Amino acid sequence: MLDDDLDQALALQGRITAFVRAFGLHQPDRTPCGTPVPTSEAHAVGELDRDGSLTQTALGERLRLEKSTVSRLVSQLTARGWVCRASRGGDGRLVWLELTPDGRRAAGELAVARAARFADLLRNIPAEQRPAIIDALTTLVEAASGQLATSDAGGPARG
């Protein structure tokens, strides 16, 4: 790695670390919007609320979590009374997850808190900078997901 690349990598690391702390992502027992729910639970409930029933496997893929982690997560959500497990179509190998009425209520409350938090964040960004920031975050997510490939010319190439 060239010195310039190392300097940029360290700068990126510093900025992401600062953002994680400023946004509250390092607090495992509450969402960045301040709700006393672990972020992983909030994400799981949000996925089930948005798209309806999902298999436990599909939820794990969406959240990018290992099978054992998803199993513990679902157990926690079931203990809260937010999710119930069900089987469908006679295939006992698939575990379907559905929100309970309490789970739908919690998902709604989390969505309202999340929307308010992002509205506050957006108000603190000058309007003319917002599109560039959203584009930069899109590129960062794609890079972290391995969706950006480096072209022969050394620049990013969408692949």
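Quick note: structure is the one above.
About the cut-offs
Residues numbered from 1 in each chain as written. Predicted model: local features only at pLDDT ≥ 70, side-chain atom pairs only at ≥ 80, totals over all residues. Heavy atoms only, no water. Phe/Tyr/Trp six-rings, centres within 6.5 Å; stacked < 30°, edge-to-face > 60°. Helix = DSSP H or I, 4+ residues; strand = E, 2+ residues; numbered from the N terminus. Expected span 1.5 Å × (residues − 1). Buried < 20%, exposed > 50% of the residue type's maximum accessible area, 1.4 Å probe, protein only. Axes fitted to C-alpha atoms, helices over the stretch in contact; angles between N-to-C directions. Parallel < 35°, antiparallel > 145°, perpendicular 65-115°, else oblique. Contact = heavy atoms within 4.5 Å. Nonpolar A, V, L, I, M, F, W, Y, C, P; charged D, E, K, R; others polar. Patch = residues over 30% accessible without salt bridge, like charges linked within 9 Å, V, L, I, M, F, W, Y side chains within 5 Å. Areas by Shrake-Rupley, 256 points an atom, 1.4 Å probe, with all protein chains shown as cover. Salt bridge = Lys/Arg side-chain N within 4 Å of Asp/Glu carboxyl O.

A. Structural view of the packing of aromatic side chains. By the definition in use, this model includes two aromatic pairs. With centroids separated by 5.3 Å and ring planes inclined at 15°, the aromatic side chains of Phe19 and Phe23 adopt a geometry described as stacked. Here Phe19 and its partner Phe23 are both found in helix H1 (residues 3-23), four residues apart, which amounts to about one turn of the helix. Seen in terms of ring centroids, Phe23 and Phe118 are 5.5 Å apart; in terms of plane orientation they differ by 50°. Their pairing is tilted.

B. Region of interest: helix H2 (residues 39-51). Between its first and last C-alpha, H2 extends 18 Å over 13 residues, near the 18 Å set by a 1.5 Å rise per residue. Those residues of H2 not exposed but buried are Thr39, Glu41, Ala42, Ala44, Val45, Glu47 and Leu48. Phi turns positive, to about 80°, at Gly52, one or two residues after H2.

C. Seen up close, the packing of H2 against helix H4 (residues 67-80). For the pair H2 and H4, interaxial distance at closest approach is 10 Å and the crossing angle is 80°. Here H2 is positioned roughly perpendicular relative to H4, judged by the angle of their axes. Between H2 and H4, the contacting residues are Ser40, Glu41, Ala44 and Val45 on the first element and Leu73, Gln76, Leu77 and Arg80 on the second. Tallied by class, residues from the contact of H2 with H4 come to four nonpolar, two polar and two charged.

D. Quick look at a nonpolar patch on the surface. Taken together, the side chains of Leu12, Ile16, Ile133, Leu137 and Leu140 make up a nonpolar region of the molecular surface, amounting to roughly 380 Å² of accessible area. At the level of secondary structure, the elements contributing two or more residues to the nonpolar patch comprise H1 and helix H6 (130-144). Looking at the nonpolar patch, the element that brings in the most residues is H6, giving three residues. Looking at the element boundaries, Leu137 is found in helix H6. When its relative accessible area of 46% is taken as the criterion, Leu137 is described as partly exposed.

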